Amino acid sequence: MFMVPIERDDLVVMMETGYIYLGMGRFAEAKEVFEGVSILAPESDVPWVAMGSVSFAQGKFDQAIQCYKKALGLKKDSPFAHSFMGEVLFFKGQKEEAIQELKKATSLDPEGKSGGFAHALLEAIEKGFQPSFKPEAMPRSL
């Protein structure tokens, strides 16, 4: 299959578009954009994490986990994927597994954004935070 090379900046713009759709609650459009980026950048874990975020936002935790597993299959030591995997596992009620994933993310990225996100979630867990997920509170598609 012949692929036309895509500039990184163009992929970034596409990802940002997908996140805008996600923020608007336009899940189908967001997923479509992220799927397109995954085809254009097949070695990247980032669009798979983004697709997992779409599923997570809809309360489809098992689908999110499958996306994060795909991301980790592409990049085993992705702090980005480990941090989001930890989040979904925690919201799914798998606290111990979540803590393992979050600790992995913080060890891989102690000073970065993914590690910071994982660290913040670990602190919340330690302070007794209990997740409650209400899909009806998520933005609706326009």
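What counts and how
- Residues numbered from 1 in each chain as written.
- Predicted model: local features only at pLDDT ≥ 70, side-chain atom pairs only at ≥ 80, totals over all residues.
- Heavy atoms only, no water.
- Salt bridge = Lys/Arg side-chain N within 4 Å of Asp/Glu carboxyl O.
- Helix = DSSP H or I, 4+ residues; strand = E, 2+ residues; numbered from the N terminus.
- Buried < 20%, exposed > 50% of the residue type's maximum accessible area, 1.4 Å probe, protein only.
- Core = buried A, V, L, I, M, F, W, Y, C linked by side-chain atoms within 4.5 Å.
- Contact = heavy atoms within 4.5 Å.
- Expected span 1.5 Å × (residues − 1).

A.B. asks: How would you explain the pattern of salt bridges if you had to name every residue and give the values?
C.D. replies: Counted according to the given criterion, the structure contains 4 salt bridges. With its nearest N and O atoms 3.8 Å apart, the salt bridge here joins Glu35 to Lys31. Taken together, the residues Glu35 and Lys31, both in helix 2 (residues 27–40) and 4 residues apart, mark about one turn of the helix. When its relative accessible area of 34% is taken as the criterion, Glu35 is described as partly exposed. Judged by its relative accessible area of 39%, Lys31 falls in the partly exposed class. With a closest N to O distance of 2.6 Å, Lys92 and Asp62 form a salt bridge. Here Lys92 is found in the loop between helix 5 (79–91) and helix 6 (95–108), whereas its partner Asp62 is found in helix 4 (residues 61–74), with 30 residues between them in sequence. Overall, the relative accessible area of 35% leaves Lys92 in the partly exposed class. A relative accessible area of 47% means that Asp62 is categorised as partly exposed.

A.B. asks: Please set out the nonpolar core residue by residue, giving values where relevant.
C.D. replies: Formed by 22 residues in total, the largest nonpolar core has its most connected members in Val49, Phe56, Tyr68, Met85, Val88, Leu102 and Ile125. Put simply, the parts of the chain that give this core at least two residues each are helix 3 (46–57), helix 4, helix 5, helix 6 and helix 7 (113–126). Dropping the residues within four chain positions of it, Phe56 is found in contact with Phe61, Ala64, Tyr68, Glu87, Val88, Phe91 and Phe133.

A.B. asks: Can you break down helix 3 residue by residue, with the values?
C.D. replies: Under the 1.5 Å per step criterion, the end-to-end length of helix 3 is 17 Å for 12 residues, consistent within 8% with the ideal 16 Å. The element helix 3 is largely enclosed, with a buried count of 10 among its 12 residues. Of the positions making up helix 3, those classed as buried are Pro47, Val49, Ala50, Met51, Gly52, Ser53, Val54, Ser55, Phe56 and Ala57. Lining the buried residues of helix 3 we find helix 1 (8–23), helix 2, helix 4 and helix 5. A positive phi of about 80 degrees marks Gly59, the residue just after helix 3.

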